[in-house]
Amino acid sequence: MSQVRTRYAPSPTGFMHVGNLRTALYEYLIAKSNKGKFILRIEDTDQERLVEGAVDVIYNTLKTAGLKHDEGPDIGGDYGPYVQSERKAMYIPYAQQLVKEDKAYYCFCSKERLESLKTEGEIGAGYDRHCRNLSPEEVNKKLADGVPYVIRQKMPLEGSTTFSDAVFGDITVENSELQDQILIKADGYPTYNFANVIDDHTMNITHVVRGCEYLSSSPKYNLLYEAFGWEIPTYVHLPLIMGKNEDGTVSKLSKRHGSTGFEDLIKDGYLPQAIINYIALLGWCPKDNKELFTLDELCEVFDISGISKSPAIFDYDKLSWFNAEYIKAMTTQQFADIAMPYFKQGVPNKELNWVEVAGILQQRTVRLTEIPEKIKFFEKLPEYSVELFVNKKSKTNLENSVDMLKIAIKELCNISDWTSDNIHDCLISLAERVGVKNGTLMWPVRIAVSGMSVTPGGAVEILHILGKDESMKRLNIGLEKLLNK
RNA sequence: GGCUCGGUGGUCAAGCGGCUAAGACACCGCCCUUUCACGGCGGUAACACGGGUUCGAUUCCCGUCCGAGUCACCA
């Protein structure tokens, strides 16, 4: 078999949907697992929907996701150009060839006429093939008169078309269901369907990987390949990624389901690797059911036979789990590095030992965006209620908290070398001497020093990060609060 | 509505004629513990339904139901 070549062919809309990203990922994996090439092609044939800077979004996404393409507009290759608008001139001759062979025809119908064909409210009416049998004279006259036209493919009126998909098997459609689809639009640009076939063939694409939403239009592709006498590529249709609606129904994942763009997800505090890992498993399963994969590992084990047929609902909980796993797997330094912007956001005006902060945060961070809220007490002691000092499990109440704070202040005061170990030993031995369980002493101390019932890390860590001066200050404030209640 | 595809726990899923029907997420309980987490242990929970085929169907076939996708000079 010749070298496997897959292509990711997004249209630049400025938004990278996770469904598209997963398609890109599978295309990449199919190519790489076969030592093949992964090509990026920009499909910008819709001139009305061009968005400024949208191509950069695609580059950036592929880059941060780690999906390196082997050929593309930015890096070139032997099959360029890789932007459809730059290939515009090459499509029309192919269409004209089909016209010549009586497999396509010029259509002069106005949009208004087409519009009037649609019975109101109804769907599925379609084109009435009005221009399909114009005489050559009529066609030539209209062409000469400069009447705007499109080129349509002549679909067979009878029989059926069967195509084979690598995941769904053989699919047959009655030809009567097929419309005489437009190949070349009035503005001279090819339609997506037509450009796709021409490009995939001329770029030697071996595997056409795309979402299931194209399943029902695939017979048309086949007919086009047949009309040209070209070899048909392997089709790989992917099950759709769905989202759950508020009313409990599901539909194709879209913005109303939450963050569905790659960049949105990143903004929400998810790691690129976690996103990739998660979506790799959304519709595909390895033989051994393993879940954690690096991109390279995926390249090793990916196989088309593991792709499932049924649609999958995008589960933010599971994504979160992956994210937490990836965070936990980092070194503390790595975590500190990626978390730094969030540290600064939570604690903008203080210099803390960030690696130490990272150390207590790492095991309890699911999304990076949770960080600022969790650590902002380091910056400024929040207002809090004395009720926080009451905790049944630690056996603390408003009365003994006063005592605990008093002795803690006294003892901690004497520590000259403010190390974690010293703080720890000091408090633990104090609890022992006084004859209370650790929690009874630790709880009020932690509350006083943080002002929160739930904190990242325990009393010792917080005291150490805060430093002696600030710690003593907060402990006294806490004591004051209790006495003045 | 026509056409196409799909249907294993709440979610992702393994299974490809014989199993007490895996595993993961979520959820619940217990343990660990200076809070919350993390970690450990355990638990609740599924083959849409009805016919066939077969000695035997989650698995193969048909029908029903349910869900989704698609029916553009959008991709």
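None of these values were measured; they are calculated from a predicted model.

## Notes on the protein's contact with RNA strand B
If you check the shell around RNA strand B, you find 62 residues, and the closest are K185, Y192, E291, R364 and G457. For RNA strand B, the backbone makes up 71% of the atoms found within 4 Å of the protein, where backbone means sugar plus phosphate. In this structure, a base nitrogen belonging to RNA strand B sits 3.0 Å away from a side-chain N or O atom of Y214. Between a sugar or linking oxygen of RNA strand B and a side-chain N or O atom of K318, the distance comes to 2.7 Å. With five residues, the single largest contributor to the surface near RNA strand B is helix α17 (residues 438-450). Class assignment for the residues of the surface near RNA strand B results in 26 nonpolar, 18 polar and 18 charged.

## Quick notes on the sheet that holds strand β4 (residues 150-153)
With respect to topology, three strands assemble into an open sheet ordered β3-β4-β7, the strand pairing being antiparallel. Looking at strand neighbours, the two that pair on one side only are β3 (104-107) and β7 (182-184), the edges of this open sheet. Ignoring strand direction, the axes of neighbouring strands in this sheet form an average angle of 40°.

## Considerations on the domain arrangement of chain A
The domains assigned to chain A are domain 1 (86-238), domain 2 (242-328), domain 3 (330-379) and domain 4 (386-483). Listed by partner, the interface residues are seven residues for domain 1 and five residues for domain 2. Taken over both partners, the interface formed by domain 1 and domain 2 buries close to 480 Å², and the fraction arising from carbon and sulfur atoms is 76%. Contact with domain 2 buries surface across domain 1, with V167, F168 and E213 losing the most and accounting together for 63% of the total.

The rules behind these values
Residues numbered from 1 in each chain as written. Chains lettered and ligands numbered in written order. Predicted model: local features only at pLDDT ≥ 70, side-chain atom pairs only at ≥ 80, totals over all residues. Heavy atoms only, no water. Near = heavy atom within 4 Å. Polar contact = N/O pair within 3.5 Å; in protein donor to acceptor, adjacent residues only side chain to side chain. Helix = DSSP H or I, 4+ residues; strand = E, 2+ residues; numbered from the N terminus. Nonpolar A, V, L, I, M, F, W, Y, C, P; charged D, E, K, R; others polar. Pairing = 2+ DSSP bridges. Axes fitted to C-alpha atoms, helices over the stretch in contact; angles between N-to-C directions. Domains from an automatic or database assignment. Contact = heavy atoms within 4.5 Å. Buried area = accessible area lost by both parts, 1.4 Å probe.

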